[in-house]
Amino acid sequence: WATVLALLLFTSPAYAYYGISFLTDGPAFSFILIALYFFVIYHHKQVLRFFYLSMLFFALAGLIKVSSLIAFIFLGGILLLETFSLKTLGNKKIYHGLKFEWLGFVLAVGAIFSWYFYASRFNEVHGFKYTFNDIWPIWNMSWEEVIGLVGGMKKFTSHVFFSRPMLFLLLFTGIVNLLLWKKVPLFVYLSNLGIIAGALFYFILWAPLLENHDYYFVALLILFVGIIVPFAWYMKTNYASLLEGRITKIVAIVFLGFNFLYCLQVMQLKTLSKDERHLYLMVGDQDLIKHMTWANRDDCQKNWYRFERMQPYLRELGIKKEDRVISLPDNSFNISLYLMGQKGWTNFNQFSSEEDIQHLIDRGAKYLFVSQPEFLEQEFLQPFISQKIGEFEGIEVYKL
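Residues numbered from 1 in each chain as written. Predicted model: local features only at pLDDT ≥ 70, side-chain atom pairs only at ≥ 80, totals over all residues. Heavy atoms only, no water.

Asks: I'd love a proper account of the environment of Met153, names of residues and values included.
Replies: With respect to the helices, strands and loops of the structure, Met153 is situated in helix H7 (residues 143-161). Met153 sits 46 residues away from Ala199 along the chain, and the two C-alpha atoms are 15 Å apart. Residues within four places of Met153 in sequence aside, it is in contact with Ser158, Phe203, Leu210, Glu211 and Phe217. (Helix = DSSP H or I, 4+ residues; strand = E, 2+ residues; numbered from the N terminus. Contact = heavy atoms within 4.5 Å.)

What follows is the structure, given as structure tokens:
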């Protein structure tokens, strides 16, 4: 059961995909799992160094993704309850002391706060913040945007979080856990309630990003820990014979196998699989399949990958690898730049005036790339498109 449950967590396509990504969500959640591991050892062995190892990994998680700290906040709440002499694990406490445990939490929070304070001041002094580093609460959304959010989660992001059967299992066990009041220790009950509440606050604070940014769901994988683990503990404590039954184990292995294949097929969709012969039986949702295969085939293959193919052509034009360029109307952070292997600027900041382009020229921009012909009609671009030096698969190149 320990093996099956651990592997089941890793059948989340979001975790499988972003666990090896440059984005911080996967590593942050992994640090949370390591922190929880050392915390459990601390509780059982009553050795303080394991507690501080736990705090170290919680701090590492918070330093790279502060929104991953749902479990950390929950354990801090348990420490607060036990400070007032409340026993949260039957007739005993989770923590074996207070003074050094409070010190560990204060050090972790202090390290996280100090880093974000420094980063905020750094951005303020230098006058620029490149990425989104703030809350985006649901109350800032219009009703139409809320409808779009629900539709986006239903059609896309929830599928990448877990399979539908897994989501139903989380819902079912979460409800069952709520009905176990007075049948389980307070810590076990609160872990389910507290983690669900934490996930709800997470949703409220970053709701608009959950429509199509599936990596934001990685932090919500803590729901698996907060819901499934208490339920598994309750079953092991009260119905051990059922868990040891052959039929139960077969059902669990089949369920794990289904989710593994589901994760595999979603990964194929997310990693630019162009083979339309795939039936994607485990995914099932035809709208999701059509959406992702269309994006893979038309958007990436026909549009983005031409930037990668044009690298030799750039050298023929005399554009050096170190030359800075402007790539329009690419609204991403750096997709076209990355594929071309060039440094420079995309249209991430939505340039709209001659002064904007001139400012980039003053900062070293030597060439302008325009990948959509209709974008050339923009009035602010007219002074900069008089020296066309080449064209590659619809990408026009101008010398600035």
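Continuing now.
Asks: How would you summarise the nonpolar core if you had to cite specific residues and measurements?
Replies: Judged by nonpolar contacts, the single largest core of 75 residues is most densely connected at Phe58, Leu75 and Tyr95. Tallying contributions element by element places helix H3 (residues 25-45) first for this core, with eight residues. Non-local contacts of Leu75, meaning those with residues more than four positions away in its chain, are made with Leu36, Phe39, Phe58, Tyr95, Phe105 and Phe187. (Core = buried A, V, L, I, M, F, W, Y, C linked by side-chain atoms within 4.5 Å. Buried < 20%, exposed > 50% of the residue type's maximum accessible area, 1.4 Å probe, protein only.)

Asks: Can you tell me about the environment of Thr88, naming the residues and giving the values?
Replies: The residue Thr88 is located in the loop between helix H5 (70-83) and helix H6 (99-126) in this model. Excluding anything up to four places from it in sequence, Thr88 contacts Ile78, Leu81, Glu82, Ile94, Pro185, Leu186 and Phe187.

Asks: Describe in detail the pairing of strand E5 (residues 395-399), supporting the description with residues and values.
Replies: Counting buried positions over the five residues of E5 gives four, a clear majority of the element. Bridge count for strand E3 (residues 365-370) against E5 is four bridges, and the pairing is antiparallel. Across the sheet, residue Leu368 finds its bridge partner in E5, namely Tyr398. Bridge count between strand E4 (residues 388-392) and E5: four bridges; the pairing is antiparallel. Residue pairing in the sheet places Lys388 in a bridge with Tyr398 of E5. Where E4 folds back onto E5 in an antiparallel hairpin, the turn is made up of two residues, including Glu393, whose phi is positive at roughly 50°. (Pairing = 2+ DSSP bridges.)

Asks: Please set out the pairing of E3 residue by residue, giving values where relevant.
Replies: The buried fraction of E3 amounts to five of the six residues, a majority that puts the element mostly inside the structure. Sheet analysis places strand E1 (residues 324-328) next to E3, joined by five bridges and oriented parallel. Across the sheet, Leu328 pairs through a bridge with Val370, a residue of E3.

Asks: Any chance you could break down helix H4 (residues 48-64) for me, citing the residues and the numbers?
Replies: Given 3.6 residues per helical turn, the α-helix brings residues three or four places apart onto the same face. Spanning 17 residues, H4 covers 25 Å between terminal C-alpha atoms, matching the ideal 24 Å at 1.5 Å per step. All of the buried residues in H4 are Phe50, Phe51, Ser54, Met55, Phe57, Phe58, Ala59, Ala61 and Gly62. (Expected span 1.5 Å × (residues − 1).)

Asks: Could you give an account of the packing of helix H8 (residues 164-178) against helix H10 (residues 222-238), with specific residues and numbers?
Replies: H10 packs onto H8 with a crossing angle of 60° between their chain directions and a minimal axis gap of 9 Å. As far as their axial angle goes, H10 and H8 are oblique. Note on packing geometry: the crossing formed by H8 with H10 is left-handed. Each of Met166, Leu169, Leu170, Thr173, Gly174, Val176 and Asn177 in H8 lies in contact with H10, whose residues at this interface are Leu223, Phe224, Ile227, Ile228, Pro230 and Phe231. Looking at the contact of H8 with H10 residue by residue, the class counts come to 10 nonpolar, three polar and no charged. (Axes fitted to C-alpha atoms, helices over the stretch in contact; angles between N-to-C directions. Parallel < 35°, antiparallel > 145°, perpendicular 65-115°, else oblique. Left-handed = near helix turned anticlockwise from the far one by under 90°. Nonpolar A, V, L, I, M, F, W, Y, C, P; charged D, E, K, R; others polar.)

Asks: Could you give me a rundown of unusual backbone geometry, with the residues and numbers involved?
Replies: Peptide bonds are, in most cases, trans, and in most cases residues other than glycine have a negative phi. The omega angle of the peptide bond from Leu328 to Pro329 is 0°, so this bond is cis rather than trans. As for its placement among the helices and strands, Pro329 is situated in the loop between E1 and helix H15 (335-340). Although it is not a glycine, Ser85 adopts a positive phi angle of roughly 65°. Along the chain, the position of Ser85 falls in the loop between H5 and H6.

Asks: Got a sec to walk through the packing of H3 against H4? Specific residues and values, please.
Replies: Packing of H3 against H4 brings their axes to within 8 Å, and their N-to-C directions diverge by 165°. Classified by the angle their axes make, H3 and H4 are roughly antiparallel. You can see that H3 and H4 cross each other, and the crossing is left-handed. Contacts from Pro27, Ala28, Phe31, Ile32, Ile34, Ala35, Leu36, Phe38, Phe39, Ile41, Tyr42 and Lys45 in H3 reach Leu48, Phe50, Phe51, Leu53, Ser54, Phe57, Phe58, Leu60, Ala61 and Ile64 in H4. Of the residues contributing to the contact of H3 with H4, the split by class is 20 nonpolar, one polar and one charged.

Asks: Break down the packing of aromatic side chains for me, citing the residues and quoting the values.
Replies: For the coordinates displayed, the defined rule picks out 34 aromatic pairs. Ring centres of Tyr15 and Phe29 lie 5.3 Å apart, and the angle between their planes is 85°; on these two criteria the pair is classed as edge-to-face. Of the two residues, Tyr15 is situated in helix H2 (residues 13-18) and Phe29 in helix H3; the sequence distance between them amounts to 14 residues. For the residue pair Tyr15 and Phe29, the accessibility class agrees, reading buried in each case. For the ring pair Tyr18 and Tyr215, a centre distance of 5.6 Å and an interplane angle of 70° mean the geometry is edge-to-face. With Tyr18 in helix H2 and Tyr215 in the loop between helix H9 (186-206) and H10, the pair connects residues that are 197 residues apart, well separated along the chain. We note that Tyr18, like Tyr215, is buried. Ring-pair connections join several aromatic residues into one group, and the members of that group are Phe39, Tyr42, Phe51, Tyr52, Phe58, Phe72, Tyr95 and Phe105. The ring of Tyr17 has Lys270 lying over it, and the distance from NZ or CZ to the ring centre is 4.5 Å. (Phe/Tyr/Trp six-rings, centres within 6.5 Å; stacked < 30°, edge-to-face > 60°. Lys NZ or Arg CZ within 6 Å of the ring centre and 35° of its normal.)

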